[in-house]
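Chain by chain, the residues run as shown.
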Amino acid sequence: MTKLLLRALAGESLPTPPIWMMRQAGRYLPEYRATRAQAGDFLSLCYNPDLAAEVTLQPIRRFGFDAAILFADILLVPQALGADLWFVTGEGPRLSTVTGPEDMARLKPATEIHERLAPVYETVRILARELPGETTLIGFAGAPWTVATYMIAGRGTPDQGPAHKLKNQDRTTFTALIDRITEATILYLSAQIEAGAEVVKLFDSWAGSLKGADFDDFAVAPTRRIIAALKDRHPSIPIIAFPREAGERYIGFARATGADCVAIDNSVSAEWAAQHVQSDGCVQGNMDPRHMVTGGPALVAEAQRITRALRGGPHIFNLGHGITPDADPANVAAMIEAVRTA
Ligand code: CP3
């Protein structure tokens, strides 16, 4: 096994960590904006295998990252389950809502997602062929709680209020929705693996708003169920879990879910993660994405501090969240240089 990312995921401590970046294919790159314009809009880009593969490859060509992440979106699963989905420019996603048993009854069974998602599997097949030999291909899906927050509210929300309300007031509908997304996610990620994804990542961007037993029931349990099913079908595929803003709950998350790696956001320190999270295995993270906008000596110092703090165990260098559209590509190159010379 020679690919750097797979070595870190297998538990190896490396002198130089593998590097990739959340949202590495995105609006901060002029070539991404050009290809998106060619596709027409964001969703058309997601469902066009040639162009989706092209934007996945763009940051690999420009920066030589150690991993490529499939270009798609976590909200394609709700759409494959029958939800309406569209993106409002400058605002974000909009979906038809799930607020009661009638809406739940209108969703498709999980086994019917593949027709809609077939172009995504084709993108994975193209990438498996075209990526450089040293680059690892990462597939992904949203974790059930995070996907449910969008399906219930019909949009992004600052506090996930509508999802918490449904969870507390109509537990039957809420858990039926979590279960449906869980089943669909298992089938979706299995299909990505069969098409050529070498690693998969679960994005639980809103895990931090689940407290106490809710965190166990709706962040840990569905993740554990997905990982167990994937390991059963594909025992050698490593899985990265990202329960964003889990704070203290990052501790033991890998053990509780079976994840090979826990991705951490930048609200916790790399030194703290080295002590409390890395003891269970690989840690991915966690530079503040703002440095990709501001650059300068602070960026270099921060990249080197994180690299050194996590050098005693398996580490994948990444940002704590996605790179933003206002980032300067020159700062990405400076980050990579800083990590590789730390
Ligand atoms: O490069 C990559 O990381 C791979 C592709 C990827 C996208 N979205 C492309 C995208 C991945 C892994 C995602 C995950 C995703 N999508 C998450 C989880 C990670 C996170 O950011 O917390 C979430 C919550 C979504 C849902 C989503 N998609 C939102 C809320 C938005 C609008 C906000 C925004 O940044 O515009 C999107 C759109 C989106 N997904 C874009 C990209 C490149 C921007 C769309 C555009 O090009 O106009």
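To keep things clear, this report deals only with the structure shown in the data block.

Rules and cut-offs
Residues numbered from 1 in each chain as written. Predicted model: local features only at pLDDT ≥ 70, side-chain atom pairs only at ≥ 80, totals over all residues. Heavy atoms only, no water. Helix = DSSP H or I, 4+ residues; strand = E, 2+ residues; numbered from the N terminus. Expected span 1.5 Å × (residues − 1). Bend = angle between axes of the 7 residues up to and from the residue. Buried < 20%, exposed > 50% of the residue type's maximum accessible area, 1.4 Å probe, protein only. Core = buried A, V, L, I, M, F, W, Y, C linked by side-chain atoms within 4.5 Å. Contact = heavy atoms within 4.5 Å. Pairing = 2+ DSSP bridges. Right-handed = clockwise from strand over helix to strand, strands pointing away. Near = heavy atom within 4 Å. Polar contact = N/O pair within 3.5 Å; in protein donor to acceptor, adjacent residues only side chain to side chain. Nonpolar A, V, L, I, M, F, W, Y, C, P; charged D, E, K, R; others polar. Axes fitted to C-alpha atoms, helices over the stretch in contact; angles between N-to-C directions. Parallel < 35°, antiparallel > 145°, perpendicular 65-115°, else oblique.

**Some details on helix α11 (residues 213–233)**
Alright, step 1. With 21 residues, α11 ought to run about 30 Å at 1.5 Å a step, and its terminal C-alpha atoms sit 29 Å apart, in line with that.
Alright, step 2. Maximum bend of α11: about 30°, positioned at Val220, with proline Pro222 one to four residues after it.
Alright, step 3. When we look at burial in α11, the residues that qualify are Asp214, Phe215, Phe218, Ala219, Val220, Pro222, Thr223, Ile226, Ile227 and Leu230.

**Here's the deal with the nonpolar core**
Alright, step 1. Within the largest apolar cluster, 128 residues are counted, with the highest numbers of intra-cluster contacts made by Phe65, Tyr188, Met292, Val332 and Met335.
Alright, step 2. For Tyr188, the residues in contact, after removing those within four places along its chain, are Ala72, Leu76, Val77, Ile113, His114, Leu117, Val120, Tyr121, Phe140 and Ala141.

**Some words on the environment of Glu194**
Alright, step 1. With respect to the helices, strands and loops of the structure, Glu194 is situated in helix α10 (residues 171–195).
Alright, step 2. Of the residues examined, Glu194 reaches a relative accessible area of 59% and is grouped as exposed.
Alright, step 3. Expressed as a C-alpha distance, the spacing of Glu194 and Trp206, which sit 12 residues apart in the sequence, is 28 Å.

**Quick word on the side chain of Gln58**
Alright, step 1. For Gln58, the location among the structural elements is in helix α4 (residues 49–63).
Alright, step 2. Residue Gln58 is classed as buried on the basis of its relative accessible area of 3%.

**Structural notes on the pairing of strand β3 (residues 92–95)**
Alright, step 1. Pairing geometry for strand β2 (residues 85–88) and β3, over 4 bridges, is antiparallel. Directly across from Val88, in β3, lies its bridge partner Gly92.
Alright, step 2. In sequence, β2 turns back onto β3 through a hairpin of 3 residues, with Gly90 there showing a positive phi of about 80°.

**So, the pairing of strand β6 (residues 239–243)**
Alright, step 1. Most of β6 is tucked away, with 5 of its 5 residues classed as buried.
Alright, step 2. Side chains Ile239, Ala241 and Pro243 project from β6 onto one buried face, and the interleaved Ile240 and Phe242 project onto a second face that is buried too.
Alright, step 3. Note that strand β5 (residues 199–204) and β6 share 5 bridges and pair parallel. Pairing of Leu202 across the sheet is with Ala241, part of β6.
Alright, step 4. In this region the chain leaves β5, passes through α11 and returns to the parallel neighbour β6; the handedness of that crossover is right-handed.

**Describing the site of the ligand**
Alright, step 1. Surrounding the ligand, one finds 22 residues, the nearest of these being Tyr32, Arg36, Asp73, Ser205 and His321.
Alright, step 2. At a separation of 2.5 Å, an oxygen atom of the ligand approaches a polar side-chain atom of Tyr32.
Alright, step 3. Split by residue class, the shell around the ligand holds 15 nonpolar, 3 polar and 4 charged.

**Quick notes on the packing of helix α2 (residues 30–39) against α4**
Alright, step 1. One can describe the packing of α2 onto α4 by two numbers: an axis separation of 10 Å at closest approach and a directional angle of 170°. The orientation of α2 with respect to α4, classified from their angle, is roughly antiparallel. For the pair formed by α2 and α4, the contact residues are Pro30, Glu31, Tyr32, Thr35, Gln38 and Ala39 on the first element and Leu51, Glu54, Val55, Gln58 and Arg62 on the second.
Alright, step 2. Class assignment for the residues of the contact of α2 with α4 results in 5 nonpolar, 3 polar and 3 charged.

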